[in-house]
Amino acid sequence: MVDQQPHGYWLILASFFLALCLAILPLPHWLAWGRPEWAALVLVYWVIALPHRMGLVTALALGLMLDVVEGAVMGQNGFALTVVALLALLLYQRLRVYSQLQQSGVIFVLVGINLMICQWVQNLEGAGATTMLFLLPAVSSALLWPLVFHLLRSLRRAFLVT
């Protein structure tokens, strides 16, 4: 009989943990504006790769953990990542057949939506950015998407994550 149990929960959790660590890694001030949205990148990859296992609840949980780690308003990243996961779930069949360049463009839009939602919440509390530099992480995330995609895909295949 073939084993039908899903494998690799530990790899998924480890990748989320690493994304949370990279989200708070100290960077020089001039580089901090361009910090990629690691949690969004890893979440989008797992939603595209395993849409039957990753979804809105996972995005909400990851976002709440990111809120705690970053010290943001509770629910800010949870809501933003849930919207990103919903859009990725709606688009995952198309994203799988897109080229790396097209996928990077979609990642730019998804991370931009994530950042705009977070900026909207920060503006409501009076701590929002006054320039459009808050969208810089969307560019760096789109540029790093091929690296993240290939790294996570090779790990998923090596450890037979289903």
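- The name an unreviewed UniProt entry gives the protein chain is Rod shape-determining protein MreD, with Seongchinamella sediminis as the organism.
- On record in UniProt, under Function (unreviewed entry), the comment for the protein chain is "Involved in formation of the rod shape of the cell. May also contribute to regulation of formation of penicillin-binding proteins."
- Per UniProt, the protein chain carries the Sequence similarities (unreviewed entry) text "Belongs to the MreD family."

**What about the nonpolar core?**
In step 1: Counting residues in hydrophobic clusters, the biggest one holds 40 residues, and the most contacted among them are Phe-16, Leu-43, Trp-46, Leu-81 and Trp-145.
In step 2: Elements that contribute at least two residues to this core include exactly α1 (9-24), α3 (38-49), α4 (56-70), α5 (76-97), α6 (100-124) and α7 (136-158).
In step 3: It is α3 that provides the largest number of residues to this core, a total of 12 residues.

**Describing the UniProt feature "transmembrane region" (unreviewed entry) in the protein chain**
In step 1: Sites flagged by UniProt as "transmembrane region" (unreviewed entry) map to residues 6-27, 39-66, 72-92, 104-122 and 134-152.
In step 2: The straight-line gap between the two end C-alpha atoms of residues 72-92 is 29 Å; of that span, 81% is helix and 0% is strand.
In step 3: Along residues 134-152, the helical share is 89% and the strand share 0%, with 26 Å between the first and last C-alpha atoms.

**Side note on the environment of Leu-135**
In step 1: Examined against the element boundaries, Leu-135 turns out to sit in the loop between α6 and α7.
In step 2: For the pair formed by Leu-135 and Trp-33, sequence separation is 102 residues and the distance between their alpha carbons is 8.7 Å.
In step 3: Among residues more than four places away in sequence, those in contact with Leu-135 are Gly-112, Leu-115 and Met-116.

About the criteria used
Here the residue numbers are simple positions, counted from 1 along each chain's written sequence. With pLDDT at 70 or above as the cut-off, local features in this predicted model cover only qualifying residues; side-chain atom pairs require 80 or more to be listed or tallied, and sums for whole chains, interfaces and linings still use all residues. To obtain the side-chain values, all non-hydrogen atoms of the structure were included, while hydrogens and water were left out. UniProt positions are given in the numbering used here, feature names are shortened, and annotations may be inferred rather than shown by experiment. Nonpolar cores were defined as sets of buried Ala, Val, Leu, Ile, Met, Phe, Trp, Tyr and Cys residues, with membership established by side-chain atoms within 4.5 Å. Buried, partly exposed and exposed residues are distinguished by accessible area as a fraction of the type maximum, computed with a 1.4 Å probe on protein chains only: under 20%, between the cut-offs, and over 50%, respectively. We count a stretch as a helix when DSSP gives it H or I for four or more residues in a row; a strand needs E for two or more, and each element gets its number in order from the N terminus. Only heavy atoms enter the contact rule, under which two residues are in contact if any of them lie within 4.5 Å.

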